[in-house]
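Chains, contacts and geometry: an overview
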Amino acid sequence: MQTNNQNNDVNKSTNTITTSKVNNNKEAKAVVLKGVGYPFNFALMDGSNIEISDKVLFEQYARDQWIGMDVSEGTYLFDQKIIPDFAFKVITVFPNNSVIGENTSIVIVEEEKVKPTLKSIKTNFSISDVVGQESAKKKAKVIMKYLHEPEKFGEWAPRNILFYGLPGTGKTMLAKALSNEIKVPLYLIKATSLIGDHVGDGAYKIHELFTLAQKTSPSIIFIDEIDAVALHRSYQSLRGDVSEIVNALLTEMDGINPNKGVITIGATNNIETLDYAIRSRFEQEIEFAMPTEQERKQIIENNLKTFPLKMEVPTEKLVQISKGMSGRDIKEKLLKTGLHNAISNDKKTVTKQDIKYAIDMKKQKQNEVKNMFV
Ligand SMILES: Nc1ncnc2c1ncn2[C@@H]1O[C@H](COP(=O)(O)OP(=O)(O)OP(=O)(O)O)[C@@H](O)[C@H]1O
Ligand SMILES: [Mg+2]
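Not measured: the values here are computed from a predicted model.

1. Notes on the overall build of the chain
Helix and strand counts for the chain come out as eleven helices and 14 strands. Burial analysis of the chain (374 residues in total) assigns 36% to the buried set. Sequence separation of at least 24 residues holds for 80% of the intrachain contacts in the chain that already meet a minimum separation of 6.

Take a look at the structure:
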């Protein structure tokens, strides 16, 4: 008899089982489940390994029995039909805390190999919060129109877009803002997490990811640090063989039906090191530039709107000081470090000394990094 420690998981969480009849009218767009087994062990019953032979059939079967149920992430659904009381853990629901309805896609993953992050209303950025990056925002507008009405575009649909540029310039922020504005699932995945322990792991994960995105379309796949797997061949000796992953990506990127409403955005800081076959799949390469003086001013002003203490240093001065900084550096290294210094000194306002402290800290860190290579 195979024991299954996942069962403990189920037992502990019985109080979170989703059978409540909270009045919630939002219909789930997608529910991702994983079979975890029974609430207890007994003879004749084996662990959590069930094999779904036909995913479409399973979806119908699942929808029929769970229609009307409230679901949220981390809770469990119990089979009531063929294998009564077999538990399925709810890995993801979009939107979270919604009800299974006739149009809900129900997807089962065999193992938690793919951990998609379905970002929905969790981020509250909008596209206008991204300062500058005008060509990226233009493209975002086209993507929004497309995801709204995919059928209209036919073979002219936007599909694969590459965002490149220095760290902290707004690539991830824009993808989040896009999914937030049009309320479509965003699958954020770091390319490094695709490299598995066994041959085939990466290809499997990519396949699952694209399948899920198509099932829950319209949707956006965001592959961050794509250079980590899609390295140009001349660099591949640095990282070992990732050609399996490159090939899987190529197959999936080519295979998506343009009418399905799935957009793939790749992001990288090192566009020159990208594998050419992958690079050529992106219809457009969009550069994210460092902010100009005017844009730094805007970023500073936007951030100061939610600042908990009064900033005594004039904005113009902050604009000068932040020359050469990215949006992220302005927020994290300059404003946040300055703020925290003021708070740690029990001050009621952020002064010149706090900003000076932040600048010194940043320089110190940069020197540490430089010295690592001498
Ligand atoms: N153009 C911008 N406008 C406003 N804020 C920005 C901008 N760029 C960066 N920021 C701020 O910096 C944070 C980090 O930016 P983001 O994560 O989008 O950078 P990135 O380009 O994805 O960086 P990386 O290449 O390191 O992944 C944002 O959440 C935001 O606060
Ligand atoms: Mg990023």
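2. Details of the site of ligand 1
If you check the shell around ligand 1, you find 17 residues, and the closest are Pro167, Gly170, Thr172, Met173 and Gly327. Taken together, the elements giving at least two residues each to the shell around ligand 1 come down to helix H4 (171–182) and helix H10 (327–344). Partitioning the shell around ligand 1 into residue classes produces six nonpolar, eight polar and three charged. Among the domains, domain 2 (119–288) and domain 3 (293–367) are the pair contributing at least three residues each to the shell around ligand 1.

3. Structural notes on the pairing of strand E1 (residues 30–37)
For a regular strand, side chains alternate in direction, first toward one face of the sheet and then toward the other. Most of E1 sits out of view: six of its eight residues are buried. With seven bridges joining them, E1 and strand E4 (residues 87–94) adopt antiparallel strand pairing. Bridge pairing in E4 links glycine 35 to phenylalanine 88. Direction of pairing for E1 relative to strand E6 (residues 105–108): parallel, over a ladder of four bridges. Residue pairing in the sheet places valine 32 in a bridge with valine 107 of E6.

4. Side note on the packing of helix H8 (residues 293–304) against H10
Where H8 meets H10, the axes come as close as 10 Å, and the angle between the chain directions of the two elements is 50°. Comparing their axes, H10 and H8 come out oblique. Here H8 and H10 pass one another in a crossing that is right-handed. Residues Arg296, Ile299, Ile300 and Asn303 of H8 form the contact with H10, whose participating residues are Gly327, Ile330, Lys331 and Leu335. Along the lines of polarity and charge, the residues of the contact of H8 with H10 split into four nonpolar, two polar and two charged.

5. Here's the deal with the sheet that holds E4
Ordered in space as E3-E4-E1-E6, the four strands form an open sheet in which the pairing is mixed. Only two strands of the sheet have a single neighbouring strand rather than two, namely strand E3 (76–78) and E6. In this sheet, neighbouring strand axes are inclined to one another by 35° on average, regardless of whether the strands run parallel or antiparallel. Strands in contact with helix H2 (residues 55–66) are E3 and E6; relative to E6, the strand with the most contacts, it is inclined by about 120°.

6. Some details on H8
Taking 1.5 Å of rise per residue, the twelve residues of H8 would be expected to cover 16 Å, and the 17 Å separating its terminal C-alpha atoms lies within 8% of that figure. Within H8, the full set of buried residues consists of Arg296, Ile299 and Ile300. Summarising the axial view, the buried residues of H8 lie within an arc of 95°, below the 170-degree limit, and thus occupy one face. Buried residues along H8 sit against helix H9 (315–321) and H10.

7. Notes on the nonpolar core
Val31, Phe163, Tyr187, Ile220 and Phe222 are the most contacted members of the largest nonpolar core, which totals 83 residues. With residues up to four places along the chain from it excluded, the contact list for phenylalanine 163 reads Ala136, Lys171, Ile265, Ala267, Ile286 and Phe288.

8. With respect to unusual backbone geometry
A cis amide bond, omega 0°, links serine 217 with the succeeding residue proline 218. Along the chain, proline 218 turns up in the loop between helix H5 (201–215) and strand E10 (219–224). Even without being glycine, lysine 183 reaches a positive phi, approximately 55°. Mapped onto the elements, lysine 183 comes out in the loop between H4 and strand E9 (186–190). One non-glycine residue with positive phi stands out, namely aspartate 346, at about 55°. With respect to the helices and strands, aspartate 346 occurs in the loop between H10 and strand E14 (349–350). Owing to 6 C-beta atoms within 10 Å, aspartate 346 belongs among the exposed residues under this scheme.

Cut-offs and rules
Residues numbered from 1 in each chain as written. Chains lettered and ligands numbered in written order. Predicted model: local features only at pLDDT ≥ 70, side-chain atom pairs only at ≥ 80, totals over all residues. Helix = DSSP H or I, 4+ residues; strand = E, 2+ residues; numbered from the N terminus. Buried ≥ 20, exposed ≤ 12 C-beta atoms within 10 Å, placed from the backbone. Contact = placed C-beta atoms within 7 Å. Near = placed C-beta within 6 Å. Nonpolar A, V, L, I, M, F, W, Y, C, P; charged D, E, K, R; others polar. Domains from an automatic or database assignment. Pairing = 2+ DSSP bridges. Axes fitted to C-alpha atoms, helices over the stretch in contact; angles between N-to-C directions. Parallel < 35°, antiparallel > 145°, perpendicular 65-115°, else oblique. Left-handed = near helix turned anticlockwise from the far one by under 90°. Expected span 1.5 Å × (residues − 1). Arc of directions from axis to C-beta. Core = buried A, V, L, I, M, F, W, Y, C linked by C-beta atoms within 7 Å.

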